[in-house]
Amino acid sequence: MTGRNLFGLSDQIKERLANEMLERHRKKLDKIAQEGYPNKKKLFRRDEIPEAFYRFDQMPGYQQIRVIEQGGKQLGIDSPFFKTHDQVAGSTTFIEGKEYINFASYNYLDLCGHPVVNQAAVAAIQCYGTSASASRMVSGERAVQQELEQALAAVYEVDDCVAFVSGHATNVTTIGYLFGPRDLILHDALIHNSAVQGAQLSGAKRIPFPHNDWQAVDEILTQQRKDFERVLIVVEGIYSMDGDFPDLPRFIELKRRHKSFLMVDEAHSLGIMGATGRGIREHFGVAGKDVDIWMGTLSKTLSGCGGYIAGEKALVHHLRISAPGFLYSVGMSPPLAAASTASLKLMLAEPERVQQLQANGRLFLELCQKHHIDTGYSAGLAVVPAILGSSARAGLVANRMFDRGINVQPIFYPAVEEGMARLRFFISTSHTAEQIKYTVETLAEVMAAKQ
């Protein structure tokens, strides 16, 4: 797509019109949320129940999606989402037969598609088939599932580990099951949606604290710890939208002093932080048992799909026997378990992958700073956002980057606050210095263009 559509609108005008349209619709939805629908006191009469209460296409969330999609279409802004990849997505990818530099993949260490990982998955299929076919309590165990859990427990130097079939569900079911209405959950304001959903499910009092502000947590617990039975503090190893990390030793000290539990979500930090990729605990040199609940996902560094909880024996055994997301869900697919185990072994055997990834991240961040691109809190490890402001602008810039052979996805409201929309760059071991330089220079040019 060129800088202008058939109606001759510049990108600046498109952005302004899109922002005005979204703001009008957001105010309408906010009003409905605060005041409710007309006739809300007469809903007991069947003939007066609003359509919004029994039609999916009238639900406010869906209407907001349609407004964004239709508005973009009218303004000539193509959707940047759901592009079809033709093969493994690493530092490059093929989309509809054309090669792009790719920054939209979690394949940080380029282990997804690695011959050893593929071979492990194929061997597991030949032995076990493609599915566990029932929950592990009902159908029994598979050796590849157990091997993965034992390997992860060893990485964290804790007693045990349990693997779930969904990363998102790992947080939801673990937090939602272990805590209840008499408890308190404190989480970083930028925590992943899965942790928020788990806290809401639990019925515990939930208090978000300012991003990475351990002092705020200290103040809250000083005032309120006595009013609750159990307290859980939840932070991430690397924040997936911002690319920074917490001062873990401070949070460990806090949880000990206030007799609380500490949970660290390592979805994006395993394989990224530390000299050998063992994550945030290796980065800070803390013991695995200093954290009560280690959570992580298998879809990033470990080339699979699912999540895990690692920690002491009582925690893991409790979840394995009773957590709904494990007990009532099918066991992890054998080829996925085998692929993740093979990826973990490769990560530990080849620490140069981690070191190259960290060097690539530093280069990307340094070049962005040189070009005065707002990267927010990013530490330049594997996640670097380019904060652009409005959702419309983020979509437009993503499309212009795609026109120039670069695949990077925008992040819109409500995933981030309106006014904080961004392009999120995921960096991998195999990105070359030339690819990184071209990408940052192109981004600076696109952002500066007056089309």
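Quick caveat, the model's predicted, so the values are computed rather than measured. (Residues numbered from 1 in each chain as written. Predicted model: local features only at pLDDT ≥ 70, side-chain atom pairs only at ≥ 80, totals over all residues. Heavy atoms only, no water.)

Caption draft 1: View of the pairing of strand E7 (residues 261-265). For E7, a buried count of four out of five residues is recorded, marking the element as mostly surrounded by other parts of the structure. Judged from the five bridges that link them, strand E6 (residues 231-236) and E7 form a sheet pairing that is parallel. Across the sheet, residue Val235 finds its bridge partner in E7, namely Val264. Once you follow E6 into helix H9 (residues 248-257) and on to E7, the crossover reads as right-handed. Both E7 and strand E8 (residues 293-297) contribute to a ladder of three bridges, which runs parallel. Across the sheet, Val264 pairs through a bridge with Trp294, a residue of E8. (Buried < 20%, exposed > 50% of the residue type's maximum accessible area, 1.4 Å probe, protein only. Helix = DSSP H or I, 4+ residues; strand = E, 2+ residues; numbered from the N terminus. Pairing = 2+ DSSP bridges. Right-handed = clockwise from strand over helix to strand, strands pointing away.)

Caption draft 2: Seen up close, the packing of aromatic side chains. Applying the stated criterion to the full structure yields 13 aromatic pairs. Ring geometry for Tyr108 against Phe426: centres 6.2 Å apart, planes inclined by 70°, an arrangement best described as edge-to-face. One end of the pair, Tyr108, is in the loop between strand E2 (98-102) and helix H3 (115-128); the other, Phe426, is in strand E13 (residues 421-426), with 318 residues separating them in the sequence. As far as burial versus exposure is concerned, Tyr108 and Phe426 are alike and both buried. When the centroid spacing of 5.8 Å and the interplanar angle of 80° are considered together, the rings of Phe164 and Phe326 count as edge-to-face. Highlighted residues: Phe164 in strand E3 (residues 160-164) and Phe326 in helix H12 (residues 324-327), separated in sequence by 162 residues. Classification of Phe164 as buried rests on a relative accessible area of 2%. Its relative accessible area of 8% is what places Phe326 among the buried residues. In this structure an aromatic cluster arises from ring pairing among Phe103, Phe364 and Phe425. (Phe/Tyr/Trp six-rings, centres within 6.5 Å; stacked < 30°, edge-to-face > 60°.)

Caption draft 3: Highlighting the sheet that holds strand E12 (residues 409-411). If you trace the three strands from one edge of the open sheet to the other, you get E10-E13-E12, paired in antiparallel fashion. Each edge of the sheet is formed by a strand with only one pairing partner; in this case those strands are strand E10 (383-389) and E12. On average, adjacent strands in this sheet sit at an angle of 30° to one another, irrespective of strand direction. When E10 meets E13, the two strands line up antiparallel, connected through six bridges. Note on E13: the bridge partner recorded for Ala386 is Leu423. Where helix H15 (residues 391-403) meets the sheet, it contacts E10, E12 and E13, and its direction lies at approximately 40° from that of E13. (Axes fitted to C-alpha atoms, helices over the stretch in contact; angles between N-to-C directions. Contact = heavy atoms within 4.5 Å.)

Caption draft 4: Structural context of helix H6 (residues 167-178). Between the first and last C-alpha of H6 there are 17 Å, a value that for twelve residues agrees with the 16 Å anticipated at 1.5 Å per step. With respect to burial, H6 is a largely interior element, nine of its twelve residues being buried. With a side-chain oxygen positioned 3.4 Å from the backbone nitrogen of His168, the residue opening H6 is Ser166. (Expected span 1.5 Å × (residues − 1). Polar contact = N/O pair within 3.5 Å; in protein donor to acceptor, adjacent residues only side chain to side chain.)

Caption draft 5: Geometry of the environment of Asn107. Take Asn107: it is sitting in the loop between E2 and H3. Along the sequence, Asn107 and Gly90 sit 17 residues apart, while their C-alpha atoms lie 6.0 Å from each other. The contacts of Asn107, once residues within four sequence positions are left out, are Val88, Ala89, Gly90, Cys112 and Ser428. A distance of 3.5 Å separates a polar atom in the side chain of Asn107 from the backbone oxygen of Ala89.

Caption draft 6: Spatial organisation of the sheet that holds E3. Strand order in this open sheet of seven strands is E3-E9-E8-E7-E6-E4-E5, and the pairing throughout is mixed. Two strands close off the open sheet at either side, each with one partner strand: E3 and strand E5 (205-209). This sheet shows a mean twist of 20° between the axes of neighbouring strands, independent of strand direction. In this structure, E8 lies alongside strand E9 (residues 307-311), joined through four bridges in antiparallel fashion. Directly across from Thr297, in E9, lies its bridge partner Gly307. Sitting on the sheet, helix H8 (residues 214-224) touches strand E4 (184-188), E5 and E6, and the angle it makes with E5 is about 150°.

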